[in-house]
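Spelled out from the first residue to the last, the chains are:
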Amino acid sequence: MTQQHGLDDESRPVVPPIVLSSTFAFPTADAVARAAEKKQPALYSRWDNPTVEALERRLALLEGAERAIACASGMAAISLVFWGAVRSGRPLVVQRELYGGTHEWVQTLLPSFGTPVTRVGIDEIIPVVADFKEPVVIYLETPANPLCRLVDIESVKRAAPPDSVVIVDSTFASPINLKPMRWGADLVVHSATKYLAGHHDVVAGVVCGNGTWMNELWYLRKLTGPVLDAEAAYRVYRGLETLELRVLRQNETALFIANRLVQHPRVRAVYYPLVFGNTDKSLCERTMTGGGGVLSFEINGSSSDALTTANRLRLFEHAPSLGGCRSLVTWPAGVSHVGLTESDRAECNVPDTLLRLSVGIEPKEVLWADLEAALQ
Ligand SMILES: Cc1ncc(COP(=O)(O)O)c(C=O)c1O
């Protein structure tokens, strides 16, 4: 690598170079064939790419995993784990409260593979998985989009039949707030578009884990092609440099705002794991560093009151994402969960009076002033 950049043996780049090459040259035709046979890295960038690998090594370290596989989006990473689950031949148990895109995958694509799927609400996961006799694949999301409910990964893993595989979408938590593998998860998925990259300037995803499942997922990525591009990989890598600083500040700001909202007369309910009286408060305190930068709340009134409040905000941008430096507001019933039928939305507890906030790194008092004015 250093030679490619004209540097001598004593110096090296401090950040990973962006290697744009789609293919890598070898001295002879049979050397290419040998490399292809060994699935050697740096052969062809749909297989592996040095910049993407630098990011993957760092993500694996952050999650405490042997290996990470970076993908073109969070949904690409989720598609790989669902394909892996289908190919494992095991029944799937899927949490009901999920990001809308994942929910749509479960509802519209999974049935075409013929895999038996049991969808189950957060509070019933443990007894449901305990009832299975054979190993299952369990798909969880914690905190779950958009109500920030938590799942007790350790108890789910303990209740599941031996050799079951637990997959956790940990996008909302980021590796700063939660290390799912420490609590028994086998695979961890992130939309790296969110906290990992952190600046609203890249779409990316990752799966982290150990062992044969990761070999299978690498194979599926190679075959189906949702690889991360080297420039995008660099932007995620760069975002990771400030991940902890950003997330700790976002934890503090979100808790501050959640506690203020709880006391506001125009607010019917606040959904944030660390507010007083929240069902998941003790689980959050035991297993997570903080509650994260996303919180949701319901307006006292109708859906149009919720929209009016959102429209009065000046600092929160109206945009469908989370986890970046800029604060965002969304109306989940019309955005992240718009692909769901009304009854599915009711099942997932996404009322149309709900607003979801993703706090950025702006001063917390300034954000609260904006919210307070909008709630007048
Ligand atoms: C929890 C969660 N998982 C996955 C995704 C999908 O990620 P991406 O948009 O990077 O495909 C999202 C997107 O909002 C999400 O909120």
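Everything quoted here is computed from the prediction, not taken from an experiment. All residue numbers refer to positions counted from 1 along the written sequence of the respective chain. Totals for whole chains, interfaces and linings use every residue, but because this is a predicted model, local features are given only for residues with pLDDT of at least 70 and side-chain atom pairs only at 80 or more, for both listing and counting. Side-chain metrics in this entry use all non-hydrogen atoms of the structure; hydrogen atoms and water are not considered.

Examining the packing of helix H2 (residues 50–63) against helix H9 (residues 230–240)
Applicable threshold: In this analysis an axis means a line fitted to C-alpha atoms, helices contributing only their contacting stretch, and an angle means the value between N-to-C directions, from 0 to 180 degrees. In DSSP terms, a helix is any run of H or I states spanning at least four residues, a strand is any run of E spanning at least two, and both are numbered starting from the N terminus. Note: crossing handedness is left-handed where the near helix turns anticlockwise from the far helix by less than a right angle, and right-handed where it turns clockwise. Only heavy atoms enter the contact rule, under which two residues are in contact if any of them lie within 4.5 Å.
Following both chains from N to C, one finds H2 and H9 inclined at 35°, their axes separated by 8 Å at the closest point. Considering only the axes of H2 and H9, their crossing is left-handed. In contact with Thr51, Val52, Ala54, Leu55, Arg58, Leu59 and Leu62 of H2, H9 contributes Ala230, Ala233, Tyr234, Val236, Tyr237 and Leu240.

What to know about the domain arrangement of the protein
The condition is simple: A domain assignment, automatic or from a database, supplies the domain bounds used here. Summed over both partners, buried area is the accessible surface (1.4 Å probe) that two parts give up on being assembled. Here a salt bridge means any side-chain nitrogen of Lys or Arg lying within 4 Å of a carboxyl oxygen belonging to Asp or Glu. Think of a polar contact as two N or O atoms within 3.5 Å of one another; within protein, one of them needs to be a possible hydrogen donor and the other a possible acceptor, and neighboring residues in sequence only count if both atoms come from side chains.
Partitioning the protein into domains gives domain 1 (3–240) and domain 2 (243–375). For domain 1 versus domain 2, the separation of C-alpha centres amounts to 26 Å. Each partner contributes to the interface: domain 1 provides 38 residues, whereas domain 2 provides 43 residues. Each partner contributes to the roughly 3,300 Å² buried at the junction of domain 1 and domain 2, and carbon and sulfur atoms together form 62% of this total. When residues of domain 1 are sorted by the area they lose upon contact with domain 2, Leu147, Asn177 and Tyr195 head the list and together hold 22% of the total. Along the contact surface separating domain 1 from domain 2 lie 3 salt bridges. For the pair domain 1 and domain 2, the number of links is 16 residue pairs in polar contact (both at pLDDT 80 or more).

Thoughts on the environment of Ala185
Along the chain, the position of Ala185 falls in the loop between helix H7 (174–177) and strand E6 (187–191). On a C-alpha basis, the gap between Ala185 and Ile122 in space is 16 Å, while along the polypeptide they are 63 residues apart. Once residues lying within four places of it in the same chain are set aside, the contact partners of Ala185 are Ile153, Val166, Val168 and Pro180.

Let's talk about the sheet that holds strand E5 (residues 165–169)
Here is the rule: A pair of strands is considered paired only if DSSP assigns at least 2 bridges between the two.
If you trace the 7 strands from one edge of the open sheet to the other, you get E1-E7-E6-E5-E4-E2-E3, paired in mixed fashion. Edge strands, defined here as strands with exactly one partner in the open sheet, are strand E1 (67–71) and strand E3 (117–120). The sheet shows a mean angle of 15° between the axes of neighbouring strands, direction not considered. The sheet contact formed by strand E4 (residues 137–141) and E5 spans 5 bridges and is parallel. The residue bridging Val137 from the neighbouring strand is Val165, located in E5. Against the sheet, helix H4 (residues 100–113) makes contact with strand E2 (92–95), E3 and E4, and its axis sits at roughly 150° relative to E3, the strand it touches most.

Some thoughts on the nonpolar core
Threshold: Buried residues of nine kinds, namely Ala, Val, Leu, Ile, Met, Phe, Trp, Tyr and Cys, make up a nonpolar core once their side-chain atoms join them within 4.5 Å. The buried label goes to any residue with under 20% of its type's maximum accessible area, the exposed label to any with over 50%, and the partly exposed label to all in between, with areas taken from a 1.4 Å probe on protein chains only.
By size, the foremost hydrophobic cluster in this structure holds 81 residues, and its most contacted members are Leu55, Ile138, Ile257, Leu261, Leu295, Phe297 and Leu357. In terms of domain composition, this core takes at least three residues from each of domain 1 (3–240) and domain 2 (243–375). Beyond its immediate stretch of four places on either side in the chain, Ile257 contacts Leu295, Leu357, Val359, Leu367, Trp368 and Leu371. By size, the runner-up hydrophobic cluster in this structure holds 31 residues, among which are Leu98, Leu110, Val165 and Leu220.

Remarks on the packing of aromatic side chains
Selection rule: Between the rings of Phe, Tyr and Trp (Trp by its six-membered ring), a pair exists once the centres lie within 6.5 Å; its type follows the angle of the planes, with under 30 degrees stacked, over 60 edge-to-face, and the other angles tilted. Only lysine NZ and arginine CZ atoms are considered, and such an atom sits over a ring when it is within 6 Å of the ring centre and within 35 degrees of the ring normal.
Taken as a whole and assessed by the stated rule, the structure comprises 4 aromatic pairs. The interplanar angle of 40° and the centroid separation of 5.2 Å between the aromatic rings of Phe82 and Trp105 together place this pair among those described as tilted. Placement of the pair is Phe82 in helix H3 (residues 74–88) and Trp105 in helix H4, with a sequence separation of 23 residues. We classify Phe82 as buried; its relative accessible area is 1%. Put simply, the rings of Phe82, Trp105, Phe113 and Tyr139 pair up and form one aromatic cluster. The ring of Phe256 carries Lys364 above its face, with NZ or CZ at 5.2 Å from the centroid.

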